[in-house]
Amino acid sequence: MQVKEKEVILEVKDLKVFFHTYRGKVEALNGVELSLYKREVLGLVGESGCGKSVTALTILGLLPENAYVISGTIFFRGEDLLKKSREEMRLLRADEIAAVFQDPMTYLNPVLTMETQLKEVFMLDTNLLRKAVVWQKNHGGKIAFDDLLSGKVKIRDKSTNPKVSKGEINEMAKSLCVDILRLVRMPDPERILRQYAFELSGGMRQRAMIAMALARTPSVFIADEITTAVDVTIQAQILNLMRGLRDKIDASTLLITHDLSVAAENADRIAVMYGGNVVEVAPTVEIFKNHLHPYTSMLMKAIPDVKNPSERLEFIPGTVPEMINPPSGCRFHPRCSIATDKCAVEKPELKRVLKNHEVACYNVAV
Amino acid sequence: MENSEVGTTKSEWAARWADLKYTLYLLRKNPLVMAGIFMTFFFIALMFLANYIVDPKLANPAGYPEFGGNYPFQRSYVWSKGNIINWGPGIHLYEGPEFFLLGTDGWGRDLLKMIVLAIPVDIENAIIITLGAAAFGTLLGALAGYVGGVIDEVVLRITDIFLSIPYLILALVFATMFGRTIETLRFSILLVFWPTYVRLMRGQILSEKEKSYVEALKALGAGHARVLFGHIIPNSIYPVLVQATLDFGSVVLTFSALMFLGFSPSPSLPELGNLASDGYFHIFDAPWLMMFSGLTMLLIALAFNLLGDGLRDVLDPRIRR
Amino acid sequence: MMKDILVVEDLKTWFPIKSGIIQRTVGYVKAVDGVSFGVRRGETFGLVGESGSGKTTLARTIMRLVKPTAGKIVFDGVDLTERKSKPAKLRRRMQIIFQDPYASLDPRQTVYSMLKETMQIHRVASGRSSVHKKALELLENVGLSEEHLYRFPHEFSGGQRQRIAVARALIVNPEFLILDEPTSFLDVSVQASVLNLLNDLQKAFALTYLFISHNLAVVHHMSDRVAVMYLGKLVEIADRDAIYDSPRHPYTFHLMAAIPVPNPEIKKEEVLLTGDVPSPVNIPPGCRFHPRCPYATDRCEQEEPPLIENDGHWVACHYDIDFKGGARSSRIKRRKRRRV
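Predicted model only: the values in this text are computed from it and were never measured.

Chemist: What is the right way to look at the overall build of chain A in this model?
Modeler: In terms of regular secondary structure, chain A is built from 14 helices and twelve strands. Along the three orthogonal principal directions, the C-alpha set of chain A runs to about 70 × 55 × 45 Å. Of all 366 residues assigned to chain A, the portion counted as buried reaches 45%. Within chain A, contacts between residues at least 6 apart in sequence are counted, and of these 67% link residues at least 24 apart.

Chemist: How do you make sense of the overall build of chain B when you look at a structure like this?
Modeler: Helices and strands together make up the secondary structure of chain B, namely ten helices and zero strands. In sequence order, chain B lays out its α and β elements as α-α-α-α-α-α-α-α-α-α. Across the 321 residues in chain B, those meeting the buried criterion constitute 40%. Taking contacts inside chain B between residues at least 6 apart in sequence as the whole, the part at least 24 apart equals 73%.

Chemist: Explain the sheet that holds strand E8 (residues 208-213) of chain C to me, please; I cannot follow it from the model alone.
Modeler: Consider a sheet: its strands pair through backbone hydrogen bonds, and that pairing is either parallel or antiparallel. Residues and elements named next belong to chain C. The strand order E6-E7-E8-E3-E9-E10-E12-E11 describes an open sheet built from eight strands, whose pairing is mixed. The sheet is open, and its two borders are formed by strand E6 (94-97) and strand E11 (308-310), each paired with just one other strand. Strand after strand, the sheet turns through a mean of 20° between neighbouring axes, direction not considered. Two elements, strand E10 (residues 233-239) and strand E12 (residues 313-315), share two bridges in a ladder whose sense is antiparallel.

Chemist: Hey, could you run me through unusual backbone geometry in this one?
Modeler: Trans is the common state for peptide bonds, and a negative phi is the common state for residues other than glycine. Of note, Asn 356 of chain A is a non-glycine position whose phi angle comes to about 70°, a positive value. By secondary structure assignment, the location of Asn 356 of chain A is in the loop between strand E11 (351-354) and strand E12 (357-359). Taking the C-beta count within 10 Å as the criterion, Asn 356 of chain A has 12 such neighbours and is therefore assigned exposed. Of note in the backbone geometry, Asn 173 of chain C takes a positive phi value of approximately 55° without being a glycine. Among the secondary structure elements, Asn 173 of chain C is positioned in the loop between helix H5 (158-170) and strand E7 (176-180).

Chemist: Where do I start with the interface of chain C and chain A in this structure?
Modeler: Bring the parts together and some accessible area is lost; that lost area is often taken as the interface size. Opposite the 33 residues of chain C that make contact, chain A presents 37 residues. Those elements that place two or more of their residues in the side of chain C that touches chain A are helix H6 (188-205), helix H7 (216-222) and helix H9 (250-258) of chain C. Split by residue class, the side of chain C that touches chain A holds 17 nonpolar, ten polar and six charged.

Chemist: Hey, could you run me through H9 of chain C in this one?
Modeler: Residue pairs spaced three or four apart in an α-helix point in one direction, given the helix's 3.6 residues per turn. Counting buried positions over the nine residues of H9 of chain C gives eight, a clear majority of the element. Taken together, the buried positions of H9 of chain C are occupied by Pro 250, Tyr 251, Thr 252, Phe 253, His 254, Leu 255, Met 256 and Ala 258 of chain C. Buried residues along H9 of chain C sit against helix H10 (232-248) of chain A together with H7, strand E9 (225-230), E10, helix H8 (240-245) and strand E13 (320-322) of chain C.

Chemist: I keep staring at the environment of Gln 99 of chain C and nothing clicks. Help me out?
Modeler: All names here are of chain C. Following the sequence through the fold, Gln 99 ends up in the loop between E6 and helix H3 (111-122). It is 34 Å that separates the C-alpha atoms of Gln 99 and Asp 311, two residues lying 212 residues apart in sequence. Ignoring any residue separated from it by four or fewer positions in sequence, one finds Gln 99 in contact with Asp 180, Glu 181, Pro 182, Ser 184 and Phe 185.

Chemist: Would you mind going over the environment of Val 100 of chain A with me for this structure?
Modeler: Mapped onto the fold, Val 100 of chain A is located in strand E6 (residues 97-100). Among all residues touching Val 100 of chain A, those that are not within four sequence positions of it are Met 209, Ile 210, Ala 213, Ala 223 and Ile 226 of chain A.

Chemist: Could you clarify how one ought to interpret the confidence of the model for chain B in this entry?
Modeler: If pLDDT is low for a region, its predicted coordinates should not be looked at in detail. All names here are of chain B. For chain B, per-residue confidence averages 76 on the pLDDT scale, and residues scoring 70 or more make up 74% of the total. Confidence scores differ between elements of chain B, with helix H1 (residues 12-28) showing the lowest mean pLDDT of 70 and helix H4 (residues 149-164) the highest of 92. Ignoring residues within four places in sequence, the model shows residues 1-8, a span with pLDDT below 50, making 13 contacts including any to other chains. Counting interchain partners and residues more than four positions distant, the pLDDT-below-50 stretch residues 63-96 has 36 contacts. This prediction of the complex comes with two scores: 0.77 for pTM and 0.79 for ipTM.

Chemist: Just checking my understanding: could you explain the sheet that holds strand E4 (residues 67-76) of chain A for this structure?
Modeler: With antiparallel pairing, the four strands of this open sheet are ordered in space as E2-E1-E4-E5 (chain A). Each edge of the open sheet carries a strand with a single partner, namely strand E2 (24-37) and strand E5 (79-80) of chain A.

Chemist: Explain the pairing of E6 of chain C here, please?
Modeler: A regular strand carries its side chains on alternate faces of the sheet. Residue and element names in this part refer to chain C. Here E6 shows two buried faces, one formed by Met 94 and Ile 96 and the other by Gln 95 and Ile 97. The pairing of E6 with E7 spans four bridges and is parallel. Residue Ile 96 lies in a different strand from E7, and its bridge partner there is Ile 178.

Chemist: What is the right way to look at H5 of chain C in this model?
Modeler: Under the 1.5 Å per step criterion, the end-to-end length of H5 of chain C is 19 Å for 13 residues, consistent within 8% with the ideal 18 Å. Of all 13 residues in H5 of chain C, 13 are buried; the element is thus mostly enclosed.

Chemist: Whenever I open this one, the environment of Ser 212 of chain B confuses me. Can you help?
Modeler: For Ser 212 of chain B, the position within the fold is in helix H7 (residues 212-220). With residues up to four places along the chain from it excluded, the contact list for Ser 212 of chain B reads Phe 98, Asp 100, Ala 103 and Ser 104 of chain C.

Chemist: I tried to follow the nonpolar core on my own but got confused; where do I start?
Modeler: The nonpolar side chains of soluble globular proteins are, as a tendency, buried together. Membership of the largest hydrophobic core comes to 277 residues, with the highest contact counts inside it found for Ile 180, Ala 211 and Leu 254 of chain A together with Val 228 and Leu 234 of chain C. The biggest single contributor to this core is helix H8 (residues 224-263) of chain B, with 17 residues. The contacts of Leu 254 of chain A, once residues within four sequence positions are left out, are Leu 36, Leu 42, Leu 44, Ala 56, Val 220, Ile 222 and Ala 223 of chain A.

Chemist: Just to check I follow, could you spell out the packing of helix H5 (residues 167-178) of chain B against helix H6 (residues 182-209) of chain B for this structure?
Modeler: When two helices pack together, their arrangement is given by the angle between the helix axes and the distance between those axes. Residues and elements named next belong to chain B. One way to put it is that H5 packs onto H6 with a least axis distance of 9 Å and a crossing angle of 145°. As for the relative orientation of H5 and H6, their crossing is right-handed in sense. Counted together, Tyr 167, Leu 170, Ala 171, Phe 174, Ala 175 and Phe 178 of H5 and Thr 184, Leu 185, Phe 187, Ser 188, Ile 189, Leu 191 and Val 192 of H6 form the full contact between these two elements. Split into classes, the residues belonging to the contact of H5 with H6 amount to eleven nonpolar, two polar and no charged.

Chemist: Could you clarify how one ought to interpret the packing of H8 of chain B against helix H9 (residues 272-280) of chain B in this entry?
Modeler: All names here are of chain B. Where H8 meets H9, the axes come as close as 7 Å, and the angle between the chain directions of the two elements is 40°. Taken together, the axis directions place H8 and H9 in an arrangement best described as oblique. Between H8 and H9 the crossing geometry is right-handed. Residue-level contacts link Phe 255, Ser 256, Ala 257, Leu 258, Met 259 and Phe 260 of H8 to Leu 272, Gly 273, Asn 274, Ala 276 and Ser 277 of H9.

The rules behind each value
Residues numbered from 1 in each chain as written. Chains lettered and ligands numbered in written order. Predicted model: local features only at pLDDT ≥ 70, side-chain atom pairs only at ≥ 80, totals over all residues. Helix = DSSP H or I, 4+ residues; strand = E, 2+ residues; numbered from the N terminus. Buried ≥ 20, exposed ≤ 12 C-beta atoms within 10 Å, placed from the backbone. Contact = placed C-beta atoms within 7 Å. Pairing = 2+ DSSP bridges. Axes fitted to C-alpha atoms, helices over the stretch in contact; angles between N-to-C directions. Nonpolar A, V, L, I, M, F, W, Y, C, P; charged D, E, K, R; others polar. pLDDT = per-residue confidence, 0-100. Expected span 1.5 Å × (residues − 1). Core = buried A, V, L, I, M, F, W, Y, C linked by C-beta atoms within 7 Å. Left-handed = near helix turned anticlockwise from the far one by under 90°. Parallel < 35°, antiparallel > 145°, perpendicular 65-115°, else oblique.

Here is the structure:
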């Protein structure tokens, strides 16, 4: 049977990141291994402190001052992102890798209208806008955001700058803003553009953020807990939107969430993180049916399931480890029911134990 | 159970001591702050020791009877012994064996000694005034913020009135009204500085009042007094502390300004502003008088300012924890 | 109704909106706008709703942290809304656990100091040794130990802080505990242990719970009966299984359908509500839910449906809609209902 080799677009290998704080060195990431394939949704699941947000920030090059990347590589389109300069990373963030974070209120500028903010994203590449105007003039009719996606105007074409007036560029940007708001299902986009961030509801703000992220048609889209701060019905809308956009936008999504159920419904594959490591990676259906890592198993049992109620929830004894003085060897071993001596000594590597299924544990029964 | 990196603390005060150690650690990291702290300690030590270092009787110009106590310059030396510097026609300079490091003032008193004697006066004033203004203003601000309503409005309007007048003019007005003794002068300046604390505390209280733990305490049955004095005020006190240290410097300067403008209780009082005002008329022929007393004022203000800056950085709750 | 420990009758909590220089009241935020229900002794009564539903305000009103605008709160036969009732005694029998464990503890107080203070307020114990002993006892009840006694809140994790809050609430031996989103800020595994703890405590001390949450799975796990709140009013009250398996109000149905299920193989129907969660400042006329309701008719725009009981199941809807056939193929029946 022929297995189509899926193309890897982003590959994180052995990533170690520390933070320097008063209390000591925080070993946030302890050798993270992650692969993101083209056009897939990878769910990165874990509780607070496991390092999922830090992973995202490292990929984006947005780590704070007191963070140090000790080792590891992040390969994107054949280049190691960790070796890039700040300016190069900035350009990458503008063009290729986009992110939306948890709390849209703090990420939107409160004193600018939505139009200003959204247009700003498009204006990052005036060249593209110029070409769009020229195309529109030549072909008649209006160009829409969808056309950008389908390549009628080459987005990454760095050739000559045609002569186009500022007013026309502005117009183009504005019409693209309206388009993209429609794409994220905002009611009455023209009116939204005139409003400020605080006038929008949580769900709408989140959608505006998604619009800003998608405006540059990125190849990688990082969604860091985008539905945690919103209500259940709005969460359903936003996730539904993400599912709908998948086919239109040719991007791979890294969906970071602490909610396994959200990952269950939206991700193709799930990577479970604990204590700064990825401990299990598998396709979604597989991981739910056949969870191998003890942490994943206990996590599954701790979620109250409406369809399968139980008297007591299984919980994991102990607490999430302090990353200042993390446990030796496998970080989960103090709380693990099947830990052996070896687990305390040496950290298990992520190994492929089944087709498409990787686990970082010595005592897995396959 | 979770692994604790702080260790088991045996009692309440041990816990608070550990907390304090963390504060001191943070303070140590900033060189400017350390400089401020050292300077402050230096001045405060001087405050207590001044009267032992220098005989206070030297301040009394009658202590130099051989020179009659007249105002024009009797002796003036700077930096040199036996060297006569002729500053201009008509000014006769004294040739004598004594060496004055910073020169002398109008009565021939050793300036260095006078400055040393002046420091406790100024710093004492600063502390009394600032603490008084802070205490009074904080209490009023806390009440206004917590109770709200009419009391809040009234207090706000009163502070508005005070704050609308430039502080020096206000100080002058009060000084004129209340007289020229040291106590009344202190009171006058206190009246100038207290409104800031009212505003500061009120702002803190307003935001602290809405916090979850206050609600939790009320739900548990804590009365208003307990909540306000036991919880809200202690949690809001840090900006007041910072403001107080910054105000020390301002108070010294204001007090000196009043002395300078002629409100001093006695012309021979060793006080930095007083000394400076002496030297005002001779700023070109004997600049050291004004220079050094002014410099000392600057250093005191600087010391407390740096301390205040450092405290503010350290106590910022975002940086802690 | 002696078996009901708490009865709320037509409770309203309105917050005036003031504007202008003379601060005229131009409108009201009708956070709680006519809520009636009863909580039976010993049960866990779940309350679900999204943001803007008013559930938190309801909790605060019942606890008398906020003054009700109208209506009655009767706790064990005593009308709390009467001016004469003494709040201090009441505080001993009814306690509340708040949502944010990071903000509900005074950051300047150690655990010991917190517990001691509560004991002092209610004169439960005094003298260093008896206070210490009682404190240890409380900590053990919630799964903490002596080493935690002299630490500050910031040294604890969220789950531990909630345990401390629970310990503190238990000092006064309450009978009734309002839990306002106690696990929303906690991780899944910690949430599990806190929920287990709450269940254990309920059995050990015969407590009655009002459990408020927007997390439907958690409410399902904890509750015996569940009420659904929307824009200040209850739209449905029923036994837990009845509400989750056969909801009768369209809002409840959509709410249940929106819960993500931790099972990737169940293909969920795309049942989505349009529009956003509304604000309690501008309450739609007629049925509050009608702007978002896919089944709304003209009648829904004009007439507000009352909450009517039908065999232990209360619903506020003009129609009896069958959701089983899926969103599209629902049949709208009109039935004569008996008012209770």
